[in-house]
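The primary structure of each chain is shown beneath.
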Amino acid sequence: MTPPVFIFVGHSNSGKTTLIERLIPELIRRGLRVATIKHAHHKVQLDTEGKDSWRYKNAGAALSMLVTTGALQLIADADAEREPLQLARRFLGEADMVLAEGFSHAAGPKIEIMRRALGKPPRCEIGDGLIAIATDCPEVYPELPHFTLNDLGGLADFLLQYIDTART
């Protein structure tokens, strides 16, 4: 089963990571198991050269998982499936909700984080899947639900209501 995926978009330094980081405990408090997916525009070293999991991947394993006492790390090929919904379906089925950061061009419901201090226009348009905005700019897309950057309860309520509406 694929959990619902919400994509948080915005320009660099708009506060996407901070908002998601603060929203997670609010959703957990409501009994949800939350997963996240982060899109990086630059190359990131996911595994350390020479370590066992790196060696397995280098040998051709499609998936390599490192399991410790309290955590696990999965290294997997993602050549074909790189969109948040595909990744959630493939790897995050045990989550109740997935919060994805970045992925501005991916399909799916998006919440844009926008700060007046950045002086930039919205990154996405309504036709790109925008369903809400977390902002200090009430004049931007007034037809969409707006949340202040500190209204975690209101945003959590909105996401849960969105899921309920989509299921019916």
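Data block above holds the structure.
Residues numbered from 1 in each chain as written. Predicted model: local features only at pLDDT ≥ 70, side-chain atom pairs only at ≥ 80, totals over all residues. Heavy atoms only, no water.

Engineer: Give a description of a nonpolar patch on the surface that names residues and reports values.
Structural biologist: A contiguous nonpolar surface patch, about 470 Å² in accessible area, is contributed by Leu63, Met65, Val67, Leu72 and Leu74. Listing elements by their share of the nonpolar patch, those giving two or more residues are β3 (63-67) and β4 (72-76). Among the residues examined, methionine 65 registers a relative accessible area of 48% and is labelled partly exposed. (Patch = residues over 30% accessible without salt bridge, like charges linked within 9 Å, V, L, I, M, F, W, Y side chains within 5 Å. Areas by Shrake-Rupley, 256 points an atom, 1.4 Å probe, with all protein chains shown as cover. Salt bridge = Lys/Arg side-chain N within 4 Å of Asp/Glu carboxyl O. Helix = DSSP H or I, 4+ residues; strand = E, 2+ residues; numbered from the N terminus. Buried < 20%, exposed > 50% of the residue type's maximum accessible area, 1.4 Å probe, protein only.)

Engineer: Go over the packing of aromatic side chains, please, and point to the residues and values.
Structural biologist: Summed over all chains, the structure comprises 3 aromatic pairs. Ring geometry for phenylalanine 6 and tyrosine 162: centres 5.6 Å apart, planes at 70°, overall edge-to-face. One end of the pair, phenylalanine 6, is in strand β1 (residues 5-9); the other, tyrosine 162, is in helix α4 (residues 152-167), and 156 residues separate them in sequence. Take tyrosine 162: its relative accessible area is 31%, and that puts it in the partly exposed class. On the numbers, 6.2 Å between centres and 45° between planes, the contact of phenylalanine 158 with tyrosine 162 is tilted. (Phe/Tyr/Trp six-rings, centres within 6.5 Å; stacked < 30°, edge-to-face > 60°.)

Engineer: Outline empty space enclosed by the protein, supporting the account with residue identities and numerical values.
Structural biologist: Counted by the stated rule, this structure contains 1 cavity of 30 Å³ or more. One number sums up the size of the largest cavity: a volume of about 40 Å³. As for the largest cavity, its lining consists of His11, Ser14, Ile113, Met114, Arg115, Leu118 and Lys120. Class assignment of the residues belonging to the lining of the largest cavity gives a composition of 3 nonpolar, 2 polar and 2 charged. (1 Å grid on protein atoms, 1.4 Å probe; cavity = no way out; pocket = protein on both sides within 12 Å on 5 of 7 lines; lining within 4 Å. Points joined across faces, edges and corners; volume = space filled by probe spheres on them. Nonpolar A, V, L, I, M, F, W, Y, C, P; charged D, E, K, R; others polar.)

Engineer: Talk me through the pattern of salt bridges; I want residue IDs and the actual numbers.
Structural biologist: Per the stated rule, a full pass over the model turns up 6 salt bridges. Between arginine 30 and aspartate 157 there is a salt bridge, with its nearest N and O atoms 2.5 Å apart. With arginine 30 in the loop between α1 (16-29) and β2 (34-38) and aspartate 157 in helix α4, this pair connects stretches of sequence that are 127 residues apart. Measuring nitrogen to oxygen at the nearest pair gives 2.8 Å for the salt bridge that ties glutamate 101 to lysine 38. Taken together, the positions of glutamate 101 in strand β5 (residues 97-101) and lysine 38 in strand β2 put the pair 63 residues apart, joining distant regions of the chain.

Engineer: Report on α4, specifying residues and quantitative values.
Structural biologist: If you check α4, its first and last C-alpha atoms are 23 Å apart, about what 16 residues at 1.5 Å a residue would give, namely 22 Å. Buried residues of α4: Leu152, Gly154, Leu155, Ala156, Phe158, Leu159 and Ile163, and no others. Tucked into the core, α4 has its buried residues touching β1, α1, β5, β6 (110-114), β7 (130-135) and β8 (146-147). (Expected span 1.5 Å × (residues − 1). Contact = heavy atoms within 4.5 Å.)

Engineer: Got a sec to walk through the nonpolar core? Specific residues and values, please.
Structural biologist: Core analysis: the biggest nonpolar cluster contains 22 residues, and Phe6, Phe8, Leu23, Met97, Leu99, Leu155 and Leu159 have the highest contact counts within it. Elements that contribute at least two residues to this core include exactly β1, α1, β5, β6, β7 and α4. The greatest single-element share of this core, amounting to 6 residues, is contributed by α4. With residues up to four places along the chain from it excluded, the contact list for leucine 155 reads Phe8, Leu19, Leu23 and Phe147. Within the second largest apolar cluster, 20 residues are counted, among which are Val9, Leu87, Ala106 and Val140. (Core = buried A, V, L, I, M, F, W, Y, C linked by side-chain atoms within 4.5 Å.)

Engineer: Before we move on, can you summarise unusual backbone geometry with the specific residues and values?
Structural biologist: Most peptide bonds adopt trans geometry, and most residues besides glycine take a negative phi value. Residues other than glycine seldom take positive phi values, yet phenylalanine 103 does so here, at roughly 50°. Its relative accessible area of 9% is what places phenylalanine 103 among the buried residues. Positioned with a positive phi, tyrosine 141 is a non-glycine residue whose angle comes to about 45°. The topology assignment puts tyrosine 141 in the loop between β7 and β8.

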